[in-house]
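# Coordinate analysis (summary)
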Amino acid sequence: MKSQSQMIFLLFIGYVVVYIDKTVMGFALLPIEKEFGLSTAQLGYITGIFFLAYSLFQIPAGWLNDKIGYKTMLILSLCALGIFALCFGALGMSFGLLLVFRFLSGVGHSGYPCSCAKAVVSNFALEKRTFAQSVLLSSAGLAMTVGPIVAVWALEHLGWHASFVSLGIVACAIAVLIAVRVPYQKPAARQHAQGQSGALWRNPTVVLLFISVFCVNIPSYGLLAWLPKFFVQSMGMPLEISGYIVAAGGAGIWLSSLGTGWLVGKYFHNREPQVILTCALVSAAAIFAIFHTSTALTASALLFVGEIFLMATFVTAFTLPMKRLPENIMGSAIGLINTGGTLGGFVSPVVIGYLVGQSHSYESAFIFLSLAMVCAGVAIAPLIKKPAAPLPVTD
């Protein structure tokens, strides 16, 4: 029990750093835009190329995770994240270099989620996996609650260059702690893994989860990348106020990721698709309403609600494979499904940058984000199980 708690704590801290890297970028776009004179489309590419690399390397990272073990992959992922975040801050002196280092950071990120999932599956009983994974995913809430406040302070006092250098050093330090304190477990034998991996794309549950997670991450990472600019440039709010609004959304993520795992596991077992559909529709409505608000307080409340139900959608979808797939292909399966999410993260900022650049308004962007959330719920609808037909009465 003690070793499990210690492992979850270290993986949680690592996840916080991973999410802070994504959170800080949304705020760093403002000084980067000013320093290099970039267009909205170019800013979208800086954010999007990270998720493109993340997507391209998800499946190879999942395969490598099954091959060499989750501990080695955790260390490699965090070290790569740290090194390239440091390079982004220290050597990012042109638009081209910014793209290169964000792409390489995405490569580093790609191995962390599937490695954490494999660690959970390898060390926790079936009935405890959803809660353990939801604890790890709750790191997004902590990162988005504390991250915006820390990011605003760091950008104002250190500048964006030094902020990313500091982040890189912290990531490497956590990798060292994981190397020392997380137990090593020999990779499971991959019996018939090749055939099973090839069959993943033919599994309707995996395909539908791939589509759903893709759609969920469009608003998730779209809001993360563009909300600070929307609040500052479109609504005329100070950067500090925008940080507090985003932090309110982070609080919703944190609350939801912790509560969803327990609620779904206790009250909605085998009814996960209904949870996903309902939460997705509520989140879509809240996200669309943010554009029509006029005060920081209302925006905070709507973002809080929207993120609660968005994260409930994501956690329920992301943990569903842990209950239905064998351990020896878990890394590959999670890597494949998470590829859908990272593709959404690539598409979202690029499309939003294009929409805002063409229309000079964020309205079309919020419509795009809301429709994506609706699609996330609808995609899972075919998985809703019909009640079993009653047996015929015979004499």
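Cut-offs and rules
Residues numbered from 1 in each chain as written. Predicted model: local features only at pLDDT ≥ 70, side-chain atom pairs only at ≥ 80, totals over all residues. Heavy atoms only, no water. Helix = DSSP H or I, 4+ residues; strand = E, 2+ residues; numbered from the N terminus. Buried < 20%, exposed > 50% of the residue type's maximum accessible area, 1.4 Å probe, protein only. Contact = heavy atoms within 4.5 Å. Areas by Shrake-Rupley, 256 points an atom, 1.4 Å probe, with all protein chains shown as cover. Patch = residues over 30% accessible without salt bridge, like charges linked within 9 Å, V, L, I, M, F, W, Y side chains within 5 Å. Salt bridge = Lys/Arg side-chain N within 4 Å of Asp/Glu carboxyl O. Core = buried A, V, L, I, M, F, W, Y, C linked by side-chain atoms within 4.5 Å. Axes fitted to C-alpha atoms, helices over the stretch in contact; angles between N-to-C directions. Parallel < 35°, antiparallel > 145°, perpendicular 65-115°, else oblique. Nonpolar A, V, L, I, M, F, W, Y, C, P; charged D, E, K, R; others polar. 1 Å grid on protein atoms, 1.4 Å probe; cavity = no way out; pocket = protein on both sides within 12 Å on 5 of 7 lines; lining within 4 Å. Points joined across faces, edges and corners; volume = space filled by probe spheres on them. Expected span 1.5 Å × (residues − 1). Bend = angle between axes of the 7 residues up to and from the residue. pLDDT = per-residue confidence, 0-100.

Let us now look at the overall build of the protein. Within the protein one finds 17 helices and zero strands. Relative to its 395 residues, the protein shows a buried fraction of 55%. In the protein, 86% of the contacts between residues at least 6 apart in sequence involve partners at least 24 apart. Here the protein displays about 15700 Å² of accessible surface, and carbon together with sulfur accounts for 70% of that area.

On the surface, Phe-131, Trp-262, Leu-263, Tyr-267 and Phe-268 cluster together to form a nonpolar patch covering roughly 510 Å² of accessible area. Of the residues forming the nonpolar patch, the biggest block, three residues, is contributed by helix H12 (residues 239-267). Mapped onto the elements, Leu-263 comes out in helix H12. Since its relative accessible area comes to 39%, Leu-263 is described here as partly exposed.

Turning next to the nonpolar core. Leu-11, Ile-32, Tyr-112, Ile-178 and Phe-366 are the most contacted members of the largest nonpolar core, which totals 109 residues. Here the element with the most residues in this core is helix H1 (residues 2-36); it accounts for 16 residues. In this structure Phe-366 touches Leu-223, Leu-227, Phe-230, Ile-287, Phe-288, Ile-290 and Phe-291, once residues within four positions along its chain are discounted.

Remark: helix H8 (residues 139-157) packs on H12, axes separated minimally by 6 Å, with the N-to-C direction vectors making an angle of 170 degrees. Considering the angle they form, H8 stands roughly antiparallel to H12. Contacts between H8 and H12 involve Ala-140, Gly-141, Leu-142, Met-144, Thr-145, Pro-148, Ile-149 and Val-152 from the former and Leu-239, Glu-240, Gly-243, Tyr-244, Val-246, Ala-247, Gly-250, Ala-251, Ile-253 and Trp-254 from the latter. For the contact of H8 with H12, a count of residues per class yields 13 nonpolar, four polar and one charged.

Looking now at the environment of Ile-32. By the element assignment, Ile-32 lies in helix H1. Through-space distance from the C-alpha of Ile-32 to that of Leu-98 is 9.7 Å; in sequence the pair is 66 residues apart. Aside from chain neighbours lying at most four places away, what touches Ile-32 is Gly-37, Leu-38, Leu-43, Ile-46, Phe-88, Leu-98 and Trp-160.

The next thing to look at is empty space enclosed by the protein. A complete count under the given rule lists three cavities of 30 Å³ or more for this structure. Roughly 250 Å³ of volume is contained in the largest cavity. Forming the walls of the largest cavity are 23 residues, and the residues nearest its centre are Tyr-19, Lys-22, Ser-220, Tyr-221 and Phe-314. Looking at side-chain class alone, the lining of the largest cavity contains 15 nonpolar, six polar and two charged residues. Here the second largest cavity is characterised by a volume of approximately 80 Å³. Along its surface, the second largest cavity is lined by Lys-22, Met-25, Gly-26, Thr-47, Phe-50, Phe-51, Arg-102, Tyr-221, Leu-224 and Ala-225. Those elements giving two or more residues to the lining of the second largest cavity turn out to be H1, helix H2 (40-56) and helix H11 (204-234). Counted by class, the lining of the second largest cavity contains six nonpolar, two polar and two charged residues.

Along its 23 residues, helix H9 (residues 159-181) runs 33 Å from first to last C-alpha, staying within 8% of the 33 Å computed at 1.5 Å per residue. Along H9, the positions that sit buried rather than exposed are Trp-160, Ser-163, Phe-164, Leu-167, Gly-168, Ala-171, Ile-174, Ala-175 and Ile-178.

Let us now look at the side chain of Thr-23. With respect to the helices, strands and loops of the structure, Thr-23 is situated in helix H1. Here Thr-23 is in contact with Ala-143, Met-144, Gly-147, Pro-148 and Leu-224, once residues within four sequence places are set aside.

Turning next to H12. Between its first and last C-alpha atoms H12 spans 41 Å; for 29 residues at 1.5 Å apiece the expected length is 42 Å, and the two agree. The axis of H12 is deflected most strongly, by about 30 degrees, at Gly-259.

So, about the environment of Gln-274. The residue Gln-274 is located in helix H13 (residues 272-291) in this model. It is 8.8 Å that separates the C-alpha atoms of Gln-274 and Leu-383, two residues lying 109 residues apart in sequence.

With that out of the way, let us pick up the confidence of the model for the protein. Summary statistics for the protein give a mean pLDDT of 85 and a share of 89% for residues scoring 70 or more. Least confident of the elements in the protein is helix H10 (residues 193-200), whose mean pLDDT is 54; most confident is helix H17 (residues 363-380), at 95.

Here the focus is the pattern of salt bridges. Under the defined criterion, the tally for this structure stands at two salt bridges. One salt bridge connects Arg-102 with Asp-21, and the closest N-O pair in it is separated by 3.1 Å. Of this pair, Arg-102 sits in helix H5 (residues 95-109) while Asp-21 sits in helix H1; the two residues are 81 residues apart in sequence, bridging distant segments of the chain. Taking relative accessible area as the criterion, Arg-102 reaches 2% and is therefore assigned buried. Residue Asp-21 is classed as buried on the basis of its relative accessible area of 0%. The partner of Lys-229 in a salt bridge is Glu-33, with the nearest N and O atoms 3.1 Å apart. Pair noted here: Lys-229 is in helix H11 and Glu-33 is in helix H1, with a separation of 196 residues, a long-range link.

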